[in-house]
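Understanding the architecture of this molecule
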Amino acid sequence: VPAEAGDGATYTPLLTQGEQLDVLERLDFVLRNISELRKEVEELRNSLQHLAAEIVGEVRSHLEETQKVTRRRRFPFPRERSDSTGSSSIYFTASSGTANTDDGESEGGYTTANAESDYDRESERESEEGEDEVSCETVRTVRRDSLDLVNEDETHLFLDSSLEEGLGQLLQQADRLHDGNEQEKREGFQLLLNNKLAYADQTDFLWRLARAHSDMCEITEDADEKRSYASDGKEEIEIALQKWDQSAECHQWYAILCGQLSEHESIQKRIQTGYIFKEHIDKAIELKPEDPKAYYLLGRWCYQVSHLGWLEKKTASALFEAPPTATVQDALQNFLRVEELSPGFSKAGRVYIAKCYRDLGKSSAALHWMNLASELPANTKE
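Rules used throughout
- Residues numbered from 1 in each chain as written.
- Predicted model: local features only at pLDDT ≥ 70, side-chain atom pairs only at ≥ 80, totals over all residues.
- Heavy atoms only, no water.
- Phe/Tyr/Trp six-rings, centres within 6.5 Å; stacked < 30°, edge-to-face > 60°.
- Helix = DSSP H or I, 4+ residues; strand = E, 2+ residues; numbered from the N terminus.
- Lys NZ or Arg CZ within 6 Å of the ring centre and 35° of its normal.
- UniProt positions renumbered as here; feature names shortened; annotations may be inferred.
- Buried < 20%, exposed > 50% of the residue type's maximum accessible area, 1.4 Å probe, protein only.
- Lys, Arg positive; Asp, Glu negative; His and termini not counted.
- Salt bridge = Lys/Arg side-chain N within 4 Å of Asp/Glu carboxyl O.
- Axes fitted to C-alpha atoms, helices over the stretch in contact; angles between N-to-C directions.
- Parallel < 35°, antiparallel > 145°, perpendicular 65-115°, else oblique.
- Left-handed = near helix turned anticlockwise from the far one by under 90°.
- Contact = heavy atoms within 4.5 Å.
- Expected span 1.5 Å × (residues − 1).
- Polar contact = N/O pair within 3.5 Å; in protein donor to acceptor, adjacent residues only side chain to side chain.
- pLDDT = per-residue confidence, 0-100.
- Core = buried A, V, L, I, M, F, W, Y, C linked by side-chain atoms within 4.5 Å.
- Domains from an automatic or database assignment.

A word on the packing of aromatic side chains. Applying the stated criterion across every chain yields a total of five aromatic pairs. Taken together, a centroid distance of 5.7 Å and an interplanar angle of 90 degrees make the contact between Phe189 and Tyr229 edge-to-face. Placement of the pair is Phe189 in helix H6 (residues 182-194) and Tyr229 in helix H9 (residues 223-243), with a sequence separation of 40 residues. Taken together, the aromatic side chains of Tyr296, Tyr303, Phe335 and Tyr352 make up a single cluster linked through ring pairs. In this structure, Lys278 packs its charged tip against the face of Trp301, placed 5.4 Å from the ring centre. Its end group placed over the ring of Tyr295, Arg337 keeps NZ or CZ at 5.5 Å from the ring centre.

What follows deals with the environment of Glu235. One can find Glu235 in helix H9. Counting along the chain gives 25 residues from Glu235 to Ala210, while the straight-line C-alpha distance between them is 8.4 Å.

Once that is clear, we can look at the UniProt feature "coiled-coil region" (unreviewed entry) in the protein chain. When the UniProt feature table is mapped onto this chain, "coiled-coil region" (unreviewed entry) is found at residues 27-54. Helix makes up 100% of residues 27-54 and strand 0%, with an end-to-end C-alpha separation of 41 Å.

Before going further, it helps to spend a moment on the side chain of Lys226. Looking at where Lys226 falls in the secondary structure, it is placed in helix H9. No salt bridge is formed by the buried Lys226, whose closest oppositely charged neighbour, Glu221, lies at an N-O distance of 5.8 Å.

Packing of helix H12 (residues 292-306) against helix H14 (residues 328-341) brings their axes to within 8 Å, and their N-to-C directions diverge by 165 degrees. Regarding the angle of H12 to H14, the classification is roughly antiparallel. Read as a crossing pair, H12 and H14 show a hand that is left-handed. Residues Pro292, Tyr295, Tyr296, Leu298, Gly299, Arg300, Cys302, Tyr303 and Ser306 of H12 touch H14, and the partners they reach there are Val328, Asp330, Ala331, Asn334, Phe335, Arg337, Val338 and Leu341.

Our focus in this paragraph is helix H15 (residues 347-359). Look at H15: 19 Å from first C-alpha to last across 13 residues, which is about the 18 Å you get at 1.5 Å a residue. Within the span of H15, buried status applies to Ala348, Gly349, Arg350, Tyr352, Ile353, Ala354, Cys356 and Tyr357. A distance of 3.2 Å separates the backbone nitrogen of Ala348 from a side-chain oxygen at the start of H15, and that oxygen is part of Ser346. Looking one or two places after H15, you find Gly361, whose phi comes out positive at around 80 degrees.

This part covers the confidence of the model for the protein chain. Across the protein chain, pLDDT averages 77, with 71% of residues at or above 70. Taken element by element, the protein chain is modelled with least confidence in helix H2 (residues 87-96), mean pLDDT 31, and with most confidence in H14, mean pLDDT 97. Within the model, the stretch residues 73-135 combines pLDDT values under 50 with 33 contacts to residues more than four positions away or in other chains. Within the model, pLDDT remains below 50 along residues 137-159, and this stretch shows 12 contacts once partners closer than five positions in the same chain are excluded.

As a further point, take the pattern of salt bridges. The final tally for this structure, using the stated rule, is 12 salt bridges. With a closest N to O distance of 3.3 Å, Arg350 and Glu339 form a salt bridge. Placement of the pair is Arg350 in helix H15 and Glu339 in helix H14, with a sequence separation of 11 residues. Residue Asp359 is joined to Arg358 by a salt bridge in which the shortest nitrogen-to-oxygen separation is 3.1 Å. For Asp359, a relative accessible area of 32% translates into the label partly exposed. Several salt bridges share partner residues, and in doing so they unite Asp175, Arg208 and Arg211 into one network.

Bringing the nonpolar core into the picture now. Counting 54 residues, the largest nonpolar core has Phe205, Ile237, Ile281, Tyr296, Trp301, Phe335 and Cys356 as the members making the most contacts within it. Counting residues per element, this core draws most heavily on H12, at nine residues. No fewer than three residues from each of domain 1 (175-289) and domain 2 (293-381) sit in this core. The contact partners of Phe205, leaving out residues within four places of it in the chain, are Leu167, Leu170, Leu171, Leu192, Asn195, Lys196, Tyr199 and Ala200. In terms of nonpolar packing, the next biggest core, distinct from the first, is built from five residues, Leu44, Ile267, Ile271 and Leu311 among them.

Our next topic: helix H10 (residues 248-262). Its 15 residues give H10 an end-to-end C-alpha distance of 21 Å, which sits within 8% of 21 Å, the value for a rise of 1.5 Å per residue. Burial analysis of H10 places 14 of its 15 residues in the buried class, which makes it a mostly covered element.

Our focus in this paragraph is the environment of Lys226. Residues Lys226 and His213, spaced 13 residues apart in sequence, show a C-alpha to C-alpha distance of 9.3 Å. Here Lys226 is in contact with Cys217, Glu218, Thr220, Glu221 and His264, once residues within four sequence places are set aside. A polar side-chain atom of Lys226 sits 2.9 Å from the main-chain carbonyl oxygen of Thr220.

In structure tokens, the structure reads:
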């Protein structure tokens, strides 16, 4: 109020009531954003502290392990011989077991093996070299006896052809059960587990076993069971990748299981897994460029990266020099590539094409692909 107006002047507000309400709403909006930002910063701080603790723990365990190895090398333990049936007993059984099944002779053979071990222990005090010569001669004798008893080449050929035929039938049945309902997926998982000992050294068997773990992770409802299936499947496929790095299926299912396992981990683990996922999917496409599933998975990765939230982007920038980057257009190109290679490959794939077009502002194209998606059956929970 102007001073010269005197005591009788009336007060005139600078803002109308509507303008005041608008200012209050804006202030309230700013306060809410500040509060949310404070929570996100706190979560990021906790994540970084957790990451630092993990790094310190890993470095400490590595140093402790290095010190243990150094101590073992500095103070090696003397070699001791066991009173049980040693190498001589095993060789003796291998040479005589197939030719003789009489209980009395087997028992006598076992006693002889022990007696020879006792003699070796006495001889060891006098001459280590003499014991080595006796052991080598025993091995040579066993090898000669084995060659005389059976034709190894014919046996291996027979076993290899039999196992190969059984493996082919097993894999066909596993593929059929994988494409079935939840109960059939469970049967397929149990089928592969039951045959693991026989075919654990076959790449086509191992990646299907990992795939079965992924199926069980999808159909189970319990969070702990999901994590367990994903972790066990990842271990199985890691073994396969160590032997068969040129298998597109091994790289593909390793990426899938890493993604499933990351759903139960911290935000920095999820971001780190994103890099691993992309690396192995790219490798799978390089090895098998006509596989539609690999392009579908790459499209999913691109779509998810293009929709990362503020907190995820800031965490990625803090942890890695080059944060993951992808656009909705990148995702769309991969999903369309799936349709080129295998039209109607996935109901979810067509839904994602519609979502990409929606995000790009092309409503008519989005509606078209949603109608195409509705024509396909729903075979999975996704």
